[in-house]
Amino acid sequence: MTLHIPFDNSYAALPDGFFTRLDPTPVAQPALIAFNQSLADQLGLTGTDDPRLAAIFGGNAVPDGAAPLAQLYAGHQFGQFNPQLGDGRAILLGETVGRDGMRRDIQLKGSGPTPYSRMGDGRAWLGPVLREYVVSEAMHALGVPTTRALAAVRSGEDIIRDTGPVPGAVLTRVAQSHIRVGTFQIFAARRDLGALQTLYDYTLARHYPDAKDPAELLQRVIERQAALVAQWMSLGFIHGVMNTDNCTLSGETIDYGPCAFMDAYDPETVFSSIDRFGRYGYAAQADIIVWNMAQLATALIPLMPEPEAAVEQFTAQVHAMPDLIRAEWERRFAAKIGISTPRPEDKTLIADLLTRMQAGRADFTNTFRALSDGTARDEFTDPAAFDDWQTGWQDRLANEPDPQALMRATNPAIIPRNHRVEEMIAAAVAGDDAPFHRLNAALATPFDDNPDTADLRRAPLPDEVVPATFCGT
Ligand code: AMP
Ligand code: MG
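Rules used throughout
Residues numbered from 1 in each chain as written. Chains lettered and ligands numbered in written order. Predicted model: local features only at pLDDT ≥ 70, side-chain atom pairs only at ≥ 80, totals over all residues. Heavy atoms only, no water. Core = buried A, V, L, I, M, F, W, Y, C linked by side-chain atoms within 4.5 Å. Buried < 20%, exposed > 50% of the residue type's maximum accessible area, 1.4 Å probe, protein only. Helix = DSSP H or I, 4+ residues; strand = E, 2+ residues; numbered from the N terminus. Domains from an automatic or database assignment. Contact = heavy atoms within 4.5 Å. Pairing = 2+ DSSP bridges. Expected span 1.5 Å × (residues − 1). Donors = N, O, S within 2.8 Å, 3.2 Å for Na, K, Ca; no water. 1 Å grid on protein atoms, 1.4 Å probe; cavity = no way out; pocket = protein on both sides within 12 Å on 5 of 7 lines; lining within 4 Å. Points joined across faces, edges and corners; volume = space filled by probe spheres on them. Nonpolar A, V, L, I, M, F, W, Y, C, P; charged D, E, K, R; others polar. Buried area = accessible area lost by both parts, 1.4 Å probe. Salt bridge = Lys/Arg side-chain N within 4 Å of Asp/Glu carboxyl O. Polar contact = N/O pair within 3.5 Å; in protein donor to acceptor, adjacent residues only side chain to side chain. Axes fitted to C-alpha atoms, helices over the stretch in contact; angles between N-to-C directions. Parallel < 35°, antiparallel > 145°, perpendicular 65-115°, else oblique. Left-handed = near helix turned anticlockwise from the far one by under 90°.

A. Fine view of the nonpolar core. In this structure, Tyr11, Phe184, Ile337 and Leu371 are the most contacted members of the largest nonpolar core, which totals 94 residues. The element best represented in this core is helix 6 (residues 214-235), accounting for eleven residues. Viewed by domain, this core spans two of them, domain 1 (11-175) and domain 2 (181-329), each represented by three or more residues. With residues near it in sequence (within four places) discarded, Ile337 still touches Leu349, Ile350, Leu353, Phe368, Leu371, Trp389, Trp393, Leu397 and Met407. Formed by 23 residues, the second largest nonpolar core is a distinct cluster that contains Ile33, Val134, Val421 and Ile425.

B. Expanded view of the pairing of strand 9 (residues 148-161). Note that strand 2 (residues 31-35) and strand 9 share four bridges and pair antiparallel. Bridge pairing links Phe35 to Ala151 in strand 9. In terms of strand pairing, strand 9 meets strand 10 (residues 164-175) through ten bridges, oriented antiparallel. By the bridge assignment, Ala151 is partnered in strand 10 with Thr172. Between strand 9 and the antiparallel strand that follows it, strand 10, lie two residues.

C. The arrangement of helix 5 (residues 193-207) in detail. Given a rise of 1.5 Å per residue, 15 residues ought to cover 21 Å, and the 21 Å separating the end C-alpha atoms of helix 5 matches this to within 8%. Every buried residue belonging to helix 5 is among Ala195, Leu196, Leu199, Tyr200, Tyr202, Thr203, Leu204, Arg206 and His207, and all of these are buried. Turning to helix 5, the residues buried within the fold contact strand 6 (90-97), strand 7 (103-109), strand 10, helix 4 (181-189), helix 6 and helix 7 (285-300).

D. View of the coordination of the magnesium ion (ligand 2). Looking at the metal site, the magnesium ion (ligand 2) is ligated by Asn246 (OD1) and Asp255 (OD), spaced 1.8 to 2.1 Å from it. Overall, the relative accessible area of 10% leaves Asn246 in the buried class.

E. Examining empty space enclosed by the protein more closely. Under the criterion given, the structure shown has two cavities of 30 Å³ or more. Estimated volume of the largest cavity: approximately 60 Å³. Lining the largest cavity are 14 residues, with Gln225, Trp232, Met242, Asn246 and Cys247 positioned closest to its centre. Top element by residues in the lining of the largest cavity is helix 6. It accounts for three residues. A per-class count over the lining of the largest cavity returns six nonpolar, seven polar and one charged. When its volume is computed, the second largest cavity comes out at roughly 30 Å³. If you trace the second largest cavity, you find it lined by Ser234, Leu235, Lys336, Phe364, Thr365, Phe368, Asn411 and Pro412.

F. Expanded view of the domain arrangement of the protein. According to the domain assignment, the protein consists of domain 1 (11-175) and domain 2 (181-329). Between domain 1 and domain 2, the residue contacts involve 35 residues of the former and 36 residues of the latter. Note on domain 1 versus domain 2: buried area summed over both sides is about 2900 Å², and carbon and sulfur give 63% of it. Of all residues in domain 1, the largest losses of buried area upon contact with domain 2 belong to Phe18, His76 and Phe78, amounting jointly to 23% of the total for that side. Between domain 1 and domain 2 we count four salt bridges in total. Between Glu95 and Arg206 there is a salt bridge whose closest N-O contact spans 4.0 Å. Linking domain 1 with domain 2 are 13 residue pairs in polar contact (both at pLDDT 80 or more). Across the side of domain 1 that touches domain 2, the residue classes break down as 17 nonpolar, ten polar and eight charged.

G. Structural view of the packing of helix 9 (residues 321-336) against helix 10 (residues 346-359). At a minimum axis distance of 10 Å, the contact between helix 9 and helix 10 shows a crossing angle of 70°. Judged by the inter-axis angle, helix 9 sits roughly perpendicular to helix 10. As for how helix 9 packs across helix 10, the hand of that crossing is left-handed. Here helix 9 contributes Trp329, Glu330, Phe333 and Ala334 to the contact with helix 10, which in turn contributes Lys347, Ile350 and Leu354. Here the contact of helix 9 with helix 10 is built from residues that sort into five nonpolar, no polar and two charged.

So this is what it looks like as structure tokens:
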């Protein structure tokens, strides 16, 4: 069969200044590592038994109907404004409208240099490609809004990174769109009001068709991002590089670089080796997302008829965001301890547990999961600290309809632990993809107790902990 992707491209119809048209650069020997059949079905792809899948998703063959392009954007990286970034190693093939009516981008990442590559080679290596594949699909299975992984292909070429030569790879990513805060920032910084208005109109039509003005767009994005970051925190997820170019208007998680899930609970946890001051650490995410929304607000101001008044209005909207995050956080953490209708005093109960978890070096995922098994005390170095908390918790649960079911549907049994992700990457580099496939399969049903995956669920032993992650660049 011949692969058919029912492209329906809209970004490619925007003015020239939004992107550069170019094809992916072919790779030496594309070999398929993984293809996400269920996602392909959802997107309406047919003929997926085509032997050319590796060639297409490795960038060697451009499928019919594609309009390949590299998108332009800017962004604050670690707080510093970079007036021009753009897809330096990614190519948007085009969009499809899926069976659910949702328009989605299909993008290759690691597909060769573009005019926006700056000093980079336009390539990605196998490690970050497999990390993004596994973690983005795990996030989807956990119910988190996220970009998805459609395919991973080995390029058959070595590329050079700090540590020396490493195998190259290409990821095919699917997203509701790749419009970022940084996409608005580039046109605002250039004072290109026409382009800003065009981007605004496009974004509204694509993501928020019922929003009536930039203030409402801002509000809707603030709401989605507040919910998203609270959800990340409820799962122990640390994005690691929340630059404004890695922050979507759709509210999906995007750009899985040095991301990781924390093991033992510590709000100061930072994995990314380049995040030396913990700007994007676990608990800091709730502050940084507000800062990012302030940058979006700034970029939207020129679209308002009375900029002075807009500054006041947008400031109020951004200042109200921490309360939105807190409310989402409380709702999610209340559910984690079996409470379906939170009361104000539950905050204290949750905070008390977290304090004890931190002091007791308790594993974040396994402690919450064990609450519904009655084995949570074993997760603490001092189990008495848990017993002490448990009395008040049991009293609070007395009137809850079904706390066990709520907790089991809220607290995953398995997350992609960093040491298992690293182990999977090391195996793949050595040519063994079995751990990748096993991890991916185990993470597809994260709320099930599967005895076959006990080793993947177990917290790392002290000598297994992998405390640092590295950017994919
Ligand atoms: P990231 O940190 O992955 O979000 O990337 C930040 C910026 O650097 C984006 O504009 C990327 O396209 C660009 N970039 C990252 N890695 C490479 C690479 N290997 N070659 C060219 N550009 C890159
Ligand atoms: Mg990025």
